[in-house]
Amino acid sequence: MRRPLVVGNWKLNGTRVGTRQLLSEILAGLKNDTQTEVSVCVPFVFVSQVAKQLADTRLFWGSQNVADREKGAFTGEISASMLKEFGCRFAIVGHSERRNLYGESSALVAERFKMAIKNDLQPILCVGETLEEREKNDTFKVIKEQLSPVLEAVGVDSFTKAVIAYEPVWAIGTGKTASTAQAQQVHTYIRKTIADFDQSIAKKLRILYGGSVTADNATALFSMADIDGGLIGGASLKAQSFLAIINSANSVK
Ligand code: PGA
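Along each chain, the written sequence defines residue order, and numbers are assigned to residues from 1. For a predicted model such as this one, the threshold for reporting local features is a pLDDT of at least 70, and the threshold for listing and counting side-chain atom pairs is 80 or more; totals across whole chains, interfaces and linings nevertheless cover every residue. Side-chain measures were taken over the full set of non-hydrogen atoms in the model, leaving aside hydrogen atoms and water.

**Q** Outline the overall build of the protein chain, listing residues and values.
**A** Helices and strands together make up the secondary structure of the protein chain, namely 11 helices and 8 strands. Radius of gyration (C-alpha) of the protein chain: 17 Å, near the 18 Å computed for a compact globule of 253 residues. Considering only C-alpha atoms, the protein chain reaches an extent of 45 × 45 × 35 Å along its principal axes. Each residue is placed in one exposure class: buried if its accessible area under a 1.4 Å probe, protein chains only, is under 20% of its type's maximum, exposed if it is over 50%, and partly exposed if it falls in between. Looking at the 253 residues of the protein chain, the share that counts as buried comes to 53%. Throughout, a residue-residue contact means that at least one pair of heavy atoms, one from each residue, lies within 4.5 Å. Sequence-distant contacts in the protein chain: of pairs separated by 6 or more residues, those separated by 24 or more amount to 74%. Secondary structure follows DSSP: runs of H or I at least 4 residues long count as helices, runs of E at least 2 residues long count as strands, and numbering of each begins at the N terminus. Radius of gyration here is computed from C-alpha atoms only, and the compact-globule reference equals 2.2 Å multiplied by the residue count raised to the power 0.38.

**Q** Kindly report on the site of the ligand, identifying the contributing residues and their values.
**A** Taken together, the neighbourhood of the ligand is formed by 13 residues, with Lys-11, His-95, Glu-167, Gly-173 and Ser-212 sitting nearest. Counted as a polar contact is a pair of N or O atoms within 3.5 Å, where, for protein atoms, one must be capable of donating a hydrogen and the other of accepting one, and residues adjacent in sequence contribute only when both atoms are in side chains. A distance of 2.7 Å separates an oxygen atom of the ligand from a polar backbone atom of Ser-212. Contact distances for the ligand include 2.9 Å between an oxygen atom and a backbone N or O atom of Gly-234. Here a cavity denotes grid points, spaced 1 Å and computed from the protein atoms alone, that fit a 1.4 Å probe unable to get out, and a pocket denotes an open set having protein on both sides within 12 Å along at least 5 of 7 lines; residues with an atom within 4 Å of a point are the lining. Throughout, a molecule is located in a cavity or pocket provided that more than half of its atoms lie within 2 Å of its grid points. Mapping the ligand onto the cavity grids shows that it belongs to the second largest pocket. Here a residue is near a molecule or strand as soon as one of its heavy atoms is found within 4 Å of it.

**Q** Residues and numbers for helix 8 (residues 180–195), please.
**A** With 16 residues, helix 8 extends 22 Å from end C-alpha to end C-alpha; this agrees with the ideal 22 Å at 1.5 Å per step. Within helix 8 the residues assigned to the buried category are Ala-183, Gln-184, Val-186, His-187, Tyr-189, Ile-190, Arg-191, Thr-193 and Ile-194. Multiplying 1.5 Å by the residue count of a helix minus one yields the expected span of that helix.

**Q** So what's going on with helix 7 (residues 139–154)? Which residues, and what values?
**A** With 16 residues, helix 7 should reach 22 Å at 1.5 Å per residue; the first-to-last C-alpha distance of 23 Å fits that figure. Take the seven residues that end at a residue and the seven that start at it, fit an axis to each, and the angle between those axes is the bend at that residue. At Leu-147, helix 7 shows its largest kink, close to 25°, and the proline Pro-149 lies no more than four residues downstream. Taken together, the buried residues of helix 7 touch helix 4 (96–101), helix 5 (106–118), strand 5 (122–127), helix 6 (131–135), strand 6 (163–166) and helix 8. Downstream of helix 7 by one or two residues, Gly-155 has phi in the positive range, about 85°.

**Q** Any details on the state of the cysteines? Residues and values, ideally.
**A** Here, disulfide denotes a covalent bond that connects the sulfur atoms of two cysteines. A pair of sulfur atoms, both from cysteines and within 2.5 Å, is called a disulfide here. In total, this model carries 0 disulfides according to the counting rule given. Cys-126 forms no disulfide, and the closest cysteine sulfur to it belongs to Cys-41, at a distance of 9.1 Å.

**Q** Any chance you could break down the layout of surface pockets for me, citing the residues and the numbers?
**A** Empty space within the largest pocket amounts to approximately 510 Å³. Along the wall of the largest pocket there are 20 residues; nearest its centre are Lys-11, Leu-12, Gln-64, Arg-98 and Tyr-102. Element by element, the count of residues in the lining of the largest pocket is highest for helix 4, at 3 residues. Under this grouping Gly is polar, as are all residues other than the nonpolar Ala, Val, Leu, Ile, Met, Phe, Trp, Tyr, Cys and Pro and the charged Asp, Glu, Lys and Arg. Of the residues in the lining of the largest pocket, the class split is 9 nonpolar, 5 polar and 6 charged. Grid points are joined across faces, edges and corners, and a volume is the space filled by probe spheres set on the points. When its volume is computed, the second largest pocket comes out at roughly 230 Å³. If you trace the second largest pocket, you find 19 residues lining it, with Lys-11, Gly-173, Ser-212, Gly-233 and Gly-234 closest to the centre.

**Q** Go over the packing of aromatic side chains with me, naming the residues and quoting the values.
**A** Only rings of Phe, Tyr and Trp enter the pairing, Trp through its six-membered ring, and a pair is recorded when the two centres are within 6.5 Å. The plane angle decides the type: under 30 degrees is stacked, over 60 is edge-to-face, the rest tilted. With the rule as written, the count across this model stands at 3 aromatic pairs. The interplanar angle of 35° and the centroid separation of 5.2 Å between the aromatic rings of Phe-113 and Phe-159 together place this pair among those described as tilted. Highlighted residues: Phe-113 in helix 5 and Phe-159 in the loop between helix 7 and strand 6, separated in sequence by 46 residues. As far as the burial class goes, Phe-113 and Phe-159 line up, both buried. Here the basic side chain of Arg-89 rests over the ring of Phe-60, its NZ or CZ set 3.9 Å away from the ring centre. Should the NZ of a Lys or the CZ of an Arg lie within 6 Å of a ring centre and within 35 degrees of the ring normal, that charge is described as sitting over the ring.

**Q** Please provide a residue-by-residue account of the packing of helix 1 (residues 16–29) against helix 2 (residues 47–54), values included.
**A** Each packed pair of helices is defined by two parameters, the angle between the axes and the distance between the axes. To get an axis, fit a line to the C-alpha atoms, keeping to the stretch in contact for a helix; angles then go from 0 to 180 degrees between the N-to-C directions. Two elements in contact, helix 1 and helix 2, have axes whose closest approach is 11 Å; the angle formed by their N-to-C orientations is 30°. On the basis of the axis angle, helix 1 is roughly parallel to helix 2. Crossing of helix 1 against helix 2: the hand is right-handed. Residues Arg-16, Thr-19, Arg-20, Leu-23, Ser-24 and Leu-27 of helix 1 pack against Gln-49, Val-50, Gln-53 and Leu-54 of helix 2. Here the contact of helix 1 with helix 2 is built from residues that sort into 4 nonpolar, 4 polar and 2 charged. For classification purposes, angles smaller than 35 degrees are called roughly parallel, those larger than 145 roughly antiparallel, those between 65 and 115 roughly perpendicular, and all remaining angles oblique. Left-handed describes a crossing whose near helix is turned anticlockwise from the far helix by less than a right angle; the clockwise case is right-handed.

Structure representation (structure tokens):
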């Protein structure tokens, strides 16, 4: 019922030539009958180039953030309407690197999410706890604190056009992955939090897992009932591992 989704988060990586090369390898390896929706979220400066290369292919593209404003004196920001002009389908919002390294609050993330929705760009809202928060048994509390401002700002209906990614901070880029049980438990909690507002929206909502997903652990993670695909960092930078992860989603969903 929920179409699996695998998204590459390239972060601060890539060159013009490398981007072209990586995408052509991914395109060459994508199976024709793939059921999984696939996207890459690239650095802003590559969006235009990527839009040209991926037009009329089965690969979607998106950005790694989006402005909380429409236009005006907001130096350094890129608006949702600009991204739409270049064919973006997705925009990551609230990635833990934005929250923790650049001080983005949940309230700001909610405004970014709102702008994406308003411009028909699908936000991929990232939530997740740090190791310290997990050890204090605060995981659910933290997830709720990250979701609530968005639900308040945009309402549950917006989640018909959004994706949530559960990314435990301690698992990102560390080689440590949440166990399938740990991930499933939090995914269930996220779905229930949305279901408390609207059951049918919750049922259709895609919830991705992110945090050291590799070709080796993807199948086990994607086999879990509430894990609808992945947000992939490091392993999305090599065609071979990214394609293997996409195939995992195809094989279990
Ligand atoms: P990782 O990153 O796969 O390199 O852990 C995931 C992410 O930050 O989205």
